[in-house]
Amino acid sequence: QVQLVESGGGLVQAGRSLGLSCAASGSIFSINSMGWYRQAPGKQRDLVAGMSSSGITYYADSVKGRFTISRDNAKNTVYLQMNSLKAEDTAVYYCTADVVDRQGGHQTLWGQGTQVTVSS
């Protein structure tokens, strides 16, 4: 069984920084893409940032220049560094990973979600 466990998040003032991390554990053979989504109250879940296994990154326009995604493949961990936070960044943040397990199964996994609240 493979799972994602997120850490980080919390309450921060606008303009400050916050970091999130998400570690995959279990019977993992390889991980392809990893990324972060967020969902604000009453809104759909949107992709914030993604990273392929080769290091190609994607960012939503709303976070370009402020957020940085990175990953440590040896630790099966993805990070999201969020700088210059704005009130509109307030949401529950979910990590996701495209995992191939040791039984050859292909899974798209989600973390449990972590709340990020930015006070203005």
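Everything in this summary refers to the structure shown in the same document. Keep in mind that what you see is a predicted model, and the values were worked out from it rather than measured.

Overview of the overall build of the chain
From N to C terminus, the chain includes zero helices and eleven strands. In the chain, the order of α-helices and β-strands from amino to carboxyl end is β-β-β-β-β-β-β-β-β-β-β. Projected onto the principal axes, the alpha-carbon positions of the chain cover approximately 50 × 25 × 25 Å. Taking all 120 residues of the chain together, the buried fraction comes to 42%. For the chain, restricting intrachain contacts to residue pairs at least 6 apart in sequence, the fraction spanning at least 24 positions comes to 55%. Within the structure as shown, the chain displays about 6300 Å² of accessible surface, and the carbon and sulfur contribution to it stands at 48%. Positive and negative side-chain charges of the chain, numbering 10 and 8 respectively, have mean locations separated by a distance of 5 Å.

What to know about the state of the cysteines
Counted by the stated rule, this structure contains one disulfide. Across the disulfide from C22 sits C95; the S-S distance is 2.0 Å. Note on the C22 and C95 pair: the S-S dihedral is about 45°, so by sign convention the disulfide is right-handed. One end of the pair, C22, is in strand β3 (residues 18-26); the other, C95, is in strand β9 (residues 91-101), with 73 residues separating them in the sequence. Summarising the burial analysis for this pair, C22 and C95 share the class buried.

Calculation criteria
- Residues numbered from 1 in each chain as written.
- Predicted model: local features only at pLDDT ≥ 70, side-chain atom pairs only at ≥ 80, totals over all residues.
- Heavy atoms only, no water.
- Helix = DSSP H or I, 4+ residues; strand = E, 2+ residues; numbered from the N terminus.
- Buried < 20%, exposed > 50% of the residue type's maximum accessible area, 1.4 Å probe, protein only.
- Contact = heavy atoms within 4.5 Å.
- Areas by Shrake-Rupley, 256 points an atom, 1.4 Å probe, with all protein chains shown as cover.
- Lys, Arg positive; Asp, Glu negative; His and termini not counted.
- Charge placed at Lys NZ, Arg CZ, Asp CG, Glu CD.
- Disulfide = S-S within 2.5 Å.

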